[in-house]
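Here's the letter readout for the chains.
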Amino acid sequence: MASDRILNPEDVPADLRETAADREGFAAEYPFESHWAEVSGQVLHFVDEGSGPVLLMVHGNPTWSFAWRHLVAEFRSQFRVIAVDHLGCGFSSRPQADVYTLAGHIDRLSKLVALLDLQNVTLIAHDWGGAIGMGCAASQPERFRQFVLMNTAAFRSRGIPLRIAVCRIPVLGTLALRGLNLFSLAALKMAVEKPLSPAARRGLLAPYTSWARRIAVREFVRDIPMAQDHRSYNTLLEVEESLEQFRHLPVLLIWGMKDWCFTPEFLHEFQTRFPDAETHEISDAGHYVFEDAGAEVGDRLRLFLNRE
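Parameters at a glance
- Residues numbered from 1 in each chain as written.
- Predicted model: local features only at pLDDT ≥ 70, side-chain atom pairs only at ≥ 80, totals over all residues.
- Heavy atoms only, no water.
- Core = buried A, V, L, I, M, F, W, Y, C linked by side-chain atoms within 4.5 Å.
- Buried < 20%, exposed > 50% of the residue type's maximum accessible area, 1.4 Å probe, protein only.
- Contact = heavy atoms within 4.5 Å.
- Axes fitted to C-alpha atoms, helices over the stretch in contact; angles between N-to-C directions.
- Helix = DSSP H or I, 4+ residues; strand = E, 2+ residues; numbered from the N terminus.
- Parallel < 35°, antiparallel > 145°, perpendicular 65-115°, else oblique.
- Nonpolar A, V, L, I, M, F, W, Y, C, P; charged D, E, K, R; others polar.
- Polar contact = N/O pair within 3.5 Å; in protein donor to acceptor, adjacent residues only side chain to side chain.

Chemist: Please set out the nonpolar core residue by residue, giving values where relevant.
Modeler: Leu56, Met57, Trp68, Met134, Phe147, Met150 and Phe274 are the most contacted members of the largest nonpolar core, which has 106 residues in total. Discounting chain neighbours no more than four positions away, the residues touching Trp68 are Met57, Val58, His59, Ala83, Ile124, Ala125, His126, Met150 and Phe290.

See the structure below:
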């Protein structure tokens, strides 16, 4: 297997370059240069803008680095902002294989962080990005200095929303998520409290236009560990147990309080685990808090980053 490396443009698979170049309907929203790296034999896409202290932005499902576009644009003048696309998401490769586990996502992100030799990192994570990002931090804690967590989790959950549970039904869930793209389409309404712009809708959906391109959307839903015999249960437990080592570091919790998935109960769990954390609740925002309250999120994040 080839060693991990940053890819030159000519080494990037043509289909990925073509997908990244086609930004019809959302180019003005996402004007960033594309970068790719090969890690563990897979190709990951990422945005790398600006210079200075590192902000590492880690998305969830069914989003991609596009979700961070406003924060990338706002903070790249003062920071080095890196926004990653998980395998199967955004402009990363989409192997049609059983490689979409929590452990795999953590391993690939960790290898990218090491490959870029990122230091003094501020992790900014949402949704699945919480478990993946905190798992990455646990694997190399000396590289991370503080954390910003938004409507996410990095610990086991006692329950699962019915509308997510339905998507986990064998065959039916696959047909709904990969065939009809119902998860991504539903999120355009269910994950927000305010209507999305046409460009935002187009950008959020752009990478997930076919059965093959929706494999990660389906696999993320399948990978939620609700029982001890689940393939990712022990990985999530390890992430959960690793949180203790970060209690002394600065933590900012930004929460859309109308989120039906990562409800305020998840916020309270984080507050218990990080008793010194700063909290910013946004009463009228849903799961996509960065869409419902982008300016407010940016303002609060800037206060946190510049407080020293």
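Structure shown, so let's carry the discussion forward.
Chemist: So, the packing of helix α3 (residues 102–115) against helix α10 (residues 233–242): which residues are in play, and what are the values?
Modeler: Where α3 contacts α10, the two axes come as close as 8 Å, and the packing angle between them is 50°. Taken together, the axis directions place α3 and α10 in an arrangement best described as oblique. Between α3 and α10, the contacting residues are Leu102, Ala103 and Ile106 on the first element and Thr235, Leu236 and Val239 on the second. Taken together, the residues of the contact of α3 with α10 break down into 5 nonpolar, 1 polar and no charged.

Chemist: Outline the environment of Arg156, supporting the account with residue identities and numerical values.
Modeler: On the secondary structure map, Arg156 appears in the loop between β7 (144–152) and α5 (162–167). By relative accessible area, Arg156 is classed as partly exposed at 34%. Each C-alpha atom, one on Arg156 and one on Met226, is 7.7 Å from the other, the two residues being 70 residues apart in sequence. With near-sequence residues (within four places) excluded, Arg156 lies in contact with Tyr233, Leu236, Leu237 and Glu240. A distance of 2.8 Å separates a polar atom in the side chain of Arg156 from a polar atom in the side chain of Tyr233. Side-chain polar atoms of Arg156 contact the side chain of Glu240, separated by 2.8 Å.

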